[in-house]
Amino acid sequence: MDYGRIFSNAVQQLHEERRYRIFTELERHLGAFPKATNHSRDGAPDVTVWCSNDYLCMGQHPVVTDAMKEAVDRMGAGAGGTRNISGTHHAIVGLEKELADLHGTESALVLTSGFVANEAAISTIARFLPGCVIFSDELNHASMIAGIRHSGAEKKIFRHNDVDHLRELLQETDPDLPKLIIFESVYSMDGDIAPLAKFCDLAEEFGAMTYLDEVHAVGMYGPTGAGVAERDQVMDRIDVIQGTLAKAFGVIGGYIAASSDLVDTVRSYAPGFIFTTALPPGIAAAALASIRHLRTSNVEREKQQERAAELKARLAAVGLPVMPSNTHIVPVLVGDPALCKQATDMLLDDYGIYIQPINYPTVPRGTERLRITPGPGHDNRMMDHLVDSLLKVWDRLELDLVPAANAAE
Ligand code: PLP
């Protein structure tokens, strides 16, 4: 057996489909984000990052970095074990209490990432519901799909954010079977928001549980940054809220917030929680500081929303095909994987702008795009440079502009 050839063929296939990914090696500049040094290629050595999920620059906020440093100085670098074997430290327990309080739930559980939280929680919850049927939005993230697969439960996929289709699927399902409806609030590739209240209405009508991924919304929406469910005043109608500490909160880690018994079930049965070392105290302390800061400060959220609206308006005004989005995400349609990659290479090499191409399978073929995430640190001068550079790239690649009137408002 030629094992080597199997793997080289696997990689070759990605090259042929123009889906081979090259990572950009950056060194972010503390205090000067979105500026970073590019270590990965011959192009511009200093770049402006326009695609970070550290949406509010909290990863660089002194409140967060100081909390991390103080915790490391006091408690050391690592957690020292799984939660069962000496890894349940004071900082992580404090973080869980804060998260439960943030979401108004009885309890919360921190896992090593948002991915792990989804995989572990969904697979465990569904396993305890005999004959469970899972209703999942067609655009749900890979981590939720992994959890659903791992649960072994029957699944029914409803069209993206389609309340009527979800109703049809619920109607045709045996009323006596347990049901779990799984959806996100902010879909991060299109920047649209799920109709949470309508999904909750259906769940109540058909006796289903609700599981909401707020990964791209926590810290960003709601008066205290608890997410879209807080903004839409439906937090108490959702059975399980899942989030990340890695995006708007700027650190790393994932969690679920729910009733004590549900959280205790995941804590006690999910291998993805049990058999892995806990997040270290420095991480927990930094995440806690970030959450607390964003519970009382709206400055970062408001600035970010203002920056996103400004960028959308500027792109639309010059006819760049900004896709409709009512959130902080600004997608710009290219519609071809090779051109999408070429555009981002040019932006990086010739204009010092780092934006990652978003290609299949992350988005459907033909909808390849640039996904731009403006943050509080992107000033008008940077925006001028971005819009100007995009126009030059569009011209060089002979990409279509759209009439300004048809662009997103
Ligand atoms: N859920 C969604 C919707 C995501 O986009 C992501 C992506 O990163 C995750 C979960 C995973 O979160 P984390 O990065 O914390 O693992």
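Note: the structure precedes this text.
Since we're looking at a predicted model, the values are computed, not measured. (Residues numbered from 1 in each chain as written. Predicted model: local features only at pLDDT ≥ 70, side-chain atom pairs only at ≥ 80, totals over all residues. Heavy atoms only, no water.)

How should the site of the ligand be read in this particular structure?
Close to the ligand lie S113, G114, F115, N118, H141, S143, E184, D213, V215, H216, T244 and K247. Contact between the ligand and K247: an oxygen atom at 2.7 Å from a side-chain N or O atom of the residue. When the ligand is considered free in solution it has 390 Å² of accessible area, and contact with the protein chains removes 83% of it. Top element by residues in the shell around the ligand is helix α5 (residues 114-127). It accounts for 3 residues. Residue composition of the shell around the ligand, grouped by class: 2 nonpolar, 7 polar and 3 charged. (Near = heavy atom within 4 Å. Polar contact = N/O pair within 3.5 Å; in protein donor to acceptor, adjacent residues only side chain to side chain. Areas by Shrake-Rupley, 256 points an atom, 1.4 Å probe, with all protein chains shown as cover. Helix = DSSP H or I, 4+ residues; strand = E, 2+ residues; numbered from the N terminus. Nonpolar A, V, L, I, M, F, W, Y, C, P; charged D, E, K, R; others polar.)

Where do I start with the pattern of salt bridges in this structure?
Any two side chains of opposite charge can pair, so long as their charged atoms come close to each other. Enumeration according to the criterion identifies 23 salt bridges in this entry. Here D101 makes a salt bridge to R295, at a shortest N to O gap of 3.1 Å. In this pair, D101 is assigned in helix α4 (residues 90-103) and R295 in helix α12 (residues 281-296), connecting sequence segments 194 residues apart. Measuring nitrogen to oxygen at the nearest pair gives 4.0 Å for the salt bridge that ties R381 to D379. By relative accessible area, D379 is classed as partly exposed at 31%. When salt bridges with common partners are traced through the structure, they connect E98, D101, R292 and R295 into a single cluster. (Salt bridge = Lys/Arg side-chain N within 4 Å of Asp/Glu carboxyl O. Buried < 20%, exposed > 50% of the residue type's maximum accessible area, 1.4 Å probe, protein only.)

Even after reading the chapter, I still don't get a nonpolar patch on the surface, so can you show me in this structure?
Judged by side-chain polarity, M1, Y3, I6 and F7 come together as a nonpolar surface patch covering roughly 550 Å² of accessible area. You can see I6 is positioned in helix α1 (residues 3-16). The exposure class assigned to I6 is partly exposed, which follows from its relative accessible area of 45%. (Patch = residues over 30% accessible without salt bridge, like charges linked within 9 Å, V, L, I, M, F, W, Y side chains within 5 Å.)

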